[in-house]
Amino acid sequence: MVEQKAVLEITDTEVRLLVGYVKDDIPHLVFSTAKSVVGLIKNGEIIDYKTLTEIIGSLRDIRDESNKEKIGVNQVTVILPAVGLNVYESDSSTHVVGNDNVIQSVDITNVVSLISKEEIPVNCDIIDIVPDKFTLDGGVTTSFPPIGKVSKEIALHAKIHTLPSKTVAEYKKVIENAHFSIERFCLNSYAAAELGKFTQGIPASYILVDMGNDVCGITLVGNNSPIGTTTFEGGGKFIISKLIQKFHVSQQEGLELLTNFGYSTRELSFSPTIFTKIIDDVEIEIHQEDLNNIINDYFENEFFPTFDSAAESFLGRFKDPVRKLPFVFTGGFSMMIGFKDLADKKFVNNKPLGFLAPTCLGARTAQMTVSVGGLMIACSEKGAYSELKASRKNIGR
């Protein structure tokens, strides 16, 4: 029987719990649910510990109404925002322990342990160690733990993901106070890249743009692995605020306008009415042209200039060819009707543009990219850092 895993994704706007499994590199969703945490987290920093703890705790005992089943979740892989992420590369090697030179789990743990002892900046914690390449005798390489192979030595080239210690401690405190056991941490950019690795049409190296409701991330992905990430403020929330300000719609009405109509590129002889509302006995009409103008103004004068500034500052640290890598978009805001047309006009030097979203039943939306990618990581044997930490905990008992 295939083992099911639970994934808890935390963003500035919601927490999502997903339960599923992976078979033959294909994710299968069993159950998912999400709850709003708007106002509780800002740019990855927890603002309201008590309320956030209560909301996350409420996900422990959930009911799948479609199957009339109660789902109890205790252990989770936690996906954190990559705010403050630093990525380091490291190499280590060690002799295989067994007299027969057959590589066992302990050998993988040993070589990862050597990398975990690498010096990292003060006030940072290692979130994950992601193996890129194992090398055996004779130069034989593999990207997965070579358990069962024969070699006198084993070498590892890996990436070390770190976050500020304060951030890690805050999230750990909230999750443990919500009575979840943390199986491992991973970062949202790594989770998205993991899904991209198994998605047809997504290249091995690209610039990933994760478009959230109020915070967006830009991640350089090289050989299917994140190299660095930066974030900036931007998203659907800001368009909705403009709709509220100009037309006095509610938050929900603004969301529905953005979701259901978006930016229309259809050429019509008239601009259809898409919304009406009576305020103080006065009927207010919103036409598609009105919505188009607000969206276009936001992208041209706010979103794209902010994006350009963040991308220039971030990508400027790397060699020139990086700037010409294709863009791959994901996240809920990337699904806005008409965004592809706006992006096509803007990013003429970074084509072909890609759009990343899961294809599994029940999660075929870019809003689920990180959660489903996290499920693939949770079910993978590739990441050995969580096993290393577990073995240390057991020894300490």
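Quick summary incoming for the structure in this document. Because the structure is a prediction, the values reported are computed rather than measured.

## Structural notes on the pairing of strand β12 (residues 153–164)
Next, step 1: Bridge analysis of strand β9 (residues 86–95) against β12 gives 10 bridges, and the strand direction is antiparallel. Each bridged residue has a counterpart across the sheet, and for D91 the counterpart in β12 is H157.
Next, step 2: One ladder, built from 10 bridges, connects strand β10 (residues 124–135) with β12; its direction is antiparallel. Of the residues in β12, the one forming a bridge with D128 is H161.

## Concerning the sheet that holds β9
Pairing between the strands of a sheet is mediated by backbone hydrogen bonds and can be parallel or antiparallel.
Next, step 1: If you walk across this open sheet you meet the four strands as β9-β12-β10-β11, and the pairing is antiparallel. With partners counted over all chains shown, the strands left at the sheet margins are β9 and β11 (141–142), one partner each.
Next, step 2: Sheet analysis places β10 next to β11, joined by two bridges and oriented antiparallel. Following the sheet pairing, T135 is matched in β11 by T141.
Next, step 3: Lying on the sheet, helix α2 (residues 105–116) is in contact with β9, β10 and β12; it crosses β9 at an angle near 130°.

## Some words on the state of the cysteines
Next, step 1: As enumerated under the stated definition, the model contains zero disulfides in all.
Next, step 2: With no disulfide partner, C124 has as its closest neighbouring cysteine sulfur the one in C186, 18 Å distant.
Next, step 3: Assessed through its relative accessible area of 17%, C124 is described here as buried.

## Notes on the packing of helix α5 (residues 236–247) against helix α6 (residues 251–260)
Next, step 1: It is at 9 Å that the axes of α5 and α6 come closest, and there the two elements cross at 115°. Regarding α5 and α6, the two cross each other, and that crossing is right-handed. Residues G236, I239, I240, L243 and I244 of α5 form the contact with α6, whose participating residues are Q251, G254, L255, L257 and L258.

## Overview of the packing of α5 against helix α7 (residues 288–315)
Next, step 1: Here α5 crosses α7 at 130°, and the two axes come no closer than 10 Å. In terms of axis orientation, α5 runs oblique to α7. Like other packed secondary-structure pairs, α5 and α7 cross with a definite hand, here right-handed. Contacts between α5 and α7 involve F238, I239, K242, L243, K246 and F247 from the first element and D290, L291, I294, I295, D297, Y298, F299 and E302 from the second.

## Structural notes on the sheet that holds strand β14 (residues 206–211)
Next, step 1: With mixed pairing, the five strands of this open sheet are ordered in space as β16-β15-β14-β19-β20. Each edge of the open sheet is held by one strand with a lone partner, namely β16 (225–233) and β20 (354–355).
Next, step 2: With eight bridges joining them, strand β15 (residues 215–222) and β16 adopt antiparallel strand pairing. Bridge assignment links C216 to a residue of β16, and that residue is F232.
Next, step 3: Along the sheet, α7 contacts β14, β15, β16 and β19 (327–330); its crossing angle with β16, the most-contacted strand, is approximately 140°.

## Comments concerning the packing of aromatic side chains
Next, step 1: Scanning all chains against the criterion turns up 22 aromatic pairs.
Next, step 2: Positioned above the aromatic ring of Y49 is the side chain of K173, whose terminal nitrogen or guanidinium carbon lies 5.1 Å from the ring centre.

## Looking at helix α4 (residues 188–197)
One turn of the α-helix equals 3.6 residues, which is why residues spaced by three or four share an orientation.
Next, step 1: Within α4, nine of the 10 residues are buried, which leaves the element mostly enclosed by the surrounding structure.
Next, step 2: Considered for burial, the residues of α4 that qualify are N188, S189, Y190, A191, A192, A193, E194, L195 and G196.

## Looking at the environment of N349
Next, step 1: Its place among the elements puts N349 in the loop between α8 (339–346) and β20.
Next, step 2: A sequence separation of 25 residues divides N349 from K324, and the C-alpha atoms of the two residues are 6.4 Å apart.

## What about the environment of I55?
Next, step 1: Of note, I55 is situated in helix α1 (residues 49–57).
Next, step 2: The sequence separation of I55 and A178 amounts to 123 residues, and the corresponding C-alpha distance is 8.3 Å.

## Quick look at the layout of surface pockets
Next, step 1: A volume near 1200 Å³ is recorded for the largest pocket.
Next, step 2: Together, 50 residues line the largest pocket, and T13, M211, G212, N213 and D214 are the ones closest to its centre.
Next, step 3: Residues that form the lining of the largest pocket fall into these classes: 21 nonpolar, 20 polar and nine charged.

About the criteria used
Residues numbered from 1 in each chain as written. Predicted model: local features only at pLDDT ≥ 70, side-chain atom pairs only at ≥ 80, totals over all residues. Heavy atoms only, no water. Pairing = 2+ DSSP bridges. Helix = DSSP H or I, 4+ residues; strand = E, 2+ residues; numbered from the N terminus. Contact = heavy atoms within 4.5 Å. Axes fitted to C-alpha atoms, helices over the stretch in contact; angles between N-to-C directions. Disulfide = S-S within 2.5 Å. Buried < 20%, exposed > 50% of the residue type's maximum accessible area, 1.4 Å probe, protein only. Left-handed = near helix turned anticlockwise from the far one by under 90°. Parallel < 35°, antiparallel > 145°, perpendicular 65-115°, else oblique. Phe/Tyr/Trp six-rings, centres within 6.5 Å; stacked < 30°, edge-to-face > 60°. Lys NZ or Arg CZ within 6 Å of the ring centre and 35° of its normal. 1 Å grid on protein atoms, 1.4 Å probe; cavity = no way out; pocket = protein on both sides within 12 Å on 5 of 7 lines; lining within 4 Å. Points joined across faces, edges and corners; volume = space filled by probe spheres on them. Nonpolar A, V, L, I, M, F, W, Y, C, P; charged D, E, K, R; others polar.

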